[in-house]
Amino acid sequence: MPRLSDVTRGRILYGGDWNPEQWPEETWRQDVRLMREAGVNSVTLGVFSWSRIEPRPGERHFGWLDRLMDLAHDHGIGVVLATPTASPPPWMGRLHPDTLPVDADGHTELWGGRQHFSHSSATYRRLAAAITEDLAARYAAHPALTLWHINNEYCTHDHGDEAAARFRTWLRHRYGSLDALNTAWGTAFWSQTYGDWEEVLPPRRTHYLKNPAQVLDFRRFTSDMLLECFTAERDIVRRHTPHLPVTTNFMPLWSGQDAWRWAEEEDVVSVDLYPDPDDPSGAQHGALVQDMTRSQARGPWMLMEQAAGAVNWRPVNRPKPRGLNRLWSLQAVARGADAVCYFQWRQSRQGAEKYHSGMLGHAGPDGRAHQETRRLGADLARIAPHVAGGAVAADVAVLHDWHAWWVSDQEGRPSRETGHAEILGAWHRALWRAHLTTDVAHPEHDLTGYRMVVVPTLHLLTDRAADNLVAYVRGGGTLVCGFGTGVVDEDDRVRPGGMDERLRALFGIRILHEWWPLEPGATVEAEGGLRGTLWSEELEPDGTADETLAYRGGELDGLPAVLRKGRAWYVSTLPEPDALRDLLTRAAAGAGVRPVLDGLPEAVEAVRRGGLLFLLHHGRGDVAVDVPGIHRDLLTGATVTGRVTLGRYGVAVLAP
Ligand code: GLA
């Protein structure tokens, strides 16, 4: 199987989306010259070029792309070639309205933006396959081609009639019979029992709450249909170039796609990442996405897109302050990226993203952003021989599952405040602040290699996953589990007792009497100075726990907020950030997990990759970090003896 290392060959890929079809050809030549000067060694071509290649049905105009591929190759720049199927040309929607997606209210989404294709449309699939076939045939032997990039951020929905037909086929395959579907969906409730397959629909506009099991299956179906679109194009390009890897770029921590399942179908896992430079937890959010992508890739991965400065899709779009682009790029490398790429190389002057930054912005080559682009290119070239291909060491796994996310963000639940992604982020942030490096794992993965496993929340837990957690603890692992876990089975059916009985036995819980969600901003107190937010539970222990921290005051006074039975911890609230960090630090110490480095200042992130120690300073003042021994900083060449000082957004990459 071709791999990312076949493309990187000891380098870190550096570059981004290049959309030269927006520019005259003399600009292309200026581009490649500036790219070389900036250390760019990879560009992504063709992402949205369908109407340029096929301006009228069945035509093919490849001459411009031939010249670009040659130009890149002549300048030593490799090409990540995209299939252009994320934005069909206007003629397609006009001639084939069946290619257009229909939303849950029955409105058709038209051309004029992008991603206006239905994953279920046979016509779309046929036309996408045809252009992919011709693209692959034309460039299979081109020496610039290094990697295939299929489509772009697969994310479309369709609730229309063709999708409905495919949904029924998908359901027949899953359940075999209508009786089994009725049982799985609990259709006895509200007179929803289906007597004929034709009655079964995608979740469309309804008067009141929808059937949650139907919604869950529709989300599974949507992820699977998009995946079919991906694998169809992947198989075409593979036939032409079996030696080249294939990827598609994920959106970061996006709910619409079961990225565990998708990653299994890719040769290279890549992600687009746009933390908000104004968000104090932006760096941690980046770290979570990076840990997740590395874990999906089971090794080095690609940062396919990020912004050199501002994006244009938040209500207020602030640029990255001086040094932040470099810091966050090196953070990605520390956490396993072997590619640092951007949307996009040259900032557009027209179109919907003309205010989105580029590696070469409107300010031109002398602009700050481009000067920083050059500096980063030099930094990456300097460290690449030492870092590319290196593995990241993590003793802790954080569990995440899309199906659990899909059931937990539906209507009609105990609280709207308990967002899966927010809770996952809060727990990961606590581990990040405790300087513990984490992988992210699926609850059914083999966990035996980790000293500690953390479950922020997994509302849906399959039998296999529950058995896996129990076996992990029996085998000597430390498990720390957050509230709302193991509530439903894979059909979204509430487990007897309101929580999986294997988990209750594991943590020493006899009865879960009630959930007590908290109003926004409200807190509950517990022993040990612990203050909880979002949620609390009325738990009756079975007397087997070794340690409890009880709620103090209020309705739950004296009942356990936290239970520890041997190596299994249960936390029935979301502790405030410091308390969660301290609790996890304690659990980690009990599991024999040490922080990456002792005595690290709060603002300094430390990660070990290969034999290297990355120190990343997320603050603006100077900070001193004690590092025992003698090291060489690969970025500066300086020898570091015992202590290194990092300035504003400073980074050191230390080799022994
Ligand atoms: C995504 C897309 C790009 C561009 C950027 C803007 O990542 O893949 O085409 O729209 O967002 O941030």
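For clarity, every value in this text was computed on a predicted model and none was experimentally measured.

The rules behind each value
- Residues numbered from 1 in each chain as written.
- Predicted model: local features only at pLDDT ≥ 70, side-chain atom pairs only at ≥ 80, totals over all residues.
- Heavy atoms only, no water.
- Pairing = 2+ DSSP bridges.
- Helix = DSSP H or I, 4+ residues; strand = E, 2+ residues; numbered from the N terminus.
- Axes fitted to C-alpha atoms, helices over the stretch in contact; angles between N-to-C directions.
- Contact = heavy atoms within 4.5 Å.
- Salt bridge = Lys/Arg side-chain N within 4 Å of Asp/Glu carboxyl O.
- Buried < 20%, exposed > 50% of the residue type's maximum accessible area, 1.4 Å probe, protein only.

## A few points about the sheet that holds strand β22 (residues 604–609)
- One open sheet accounts for 5 strands, arranged β22-β23-β26-β24-β25; its pairing is antiparallel. Each having just a single partner strand, β22 and β25 (639–646) make up the two edges of the open sheet. Between one strand and the next, the sheet's axes are offset by a mean angle of 25°, whatever the strand orientation.
- Helix α13 (residues 368–387) contacts β22, β23 (612–617), β24 (623–633) and β26 (651–655) of the sheet and is inclined by roughly 140° relative to β23.

## Quick look at the environment of tryptophan 301
- Here tryptophan 301 lies in strand β8 (residues 301–305).
- Each C-alpha atom, one on tryptophan 301 and one on aspartate 74, is 27 Å from the other, the two residues being 227 residues apart in sequence.

## Quick look at the pattern of salt bridges
- A full pass over the atoms with the stated rule returns 53 salt bridges.
- Of the charged contacts, one joins arginine 60 and aspartate 134 as a salt bridge, the two residues approaching to 2.7 Å between their closest N and O atoms. Placement of arginine 60 in the loop between α3 (50–53) and α4 (63–74) and of aspartate 134 in helix α6 (residues 122–139) is noted, with a sequence separation of 74 residues between them.
- Since its relative accessible area comes to 27%, arginine 60 is described here as partly exposed.
- Judged by its relative accessible area of 30%, aspartate 134 is partly exposed.
- With its nearest N and O atoms 3.2 Å apart, the salt bridge here joins aspartate 582 to arginine 581.
- A relative accessible area of 41% means that aspartate 582 is categorised as partly exposed.
- Each of Arg234, Asp235, Arg261, Glu264 and Glu265 takes part in salt bridges that share partners, so that together they form one network.

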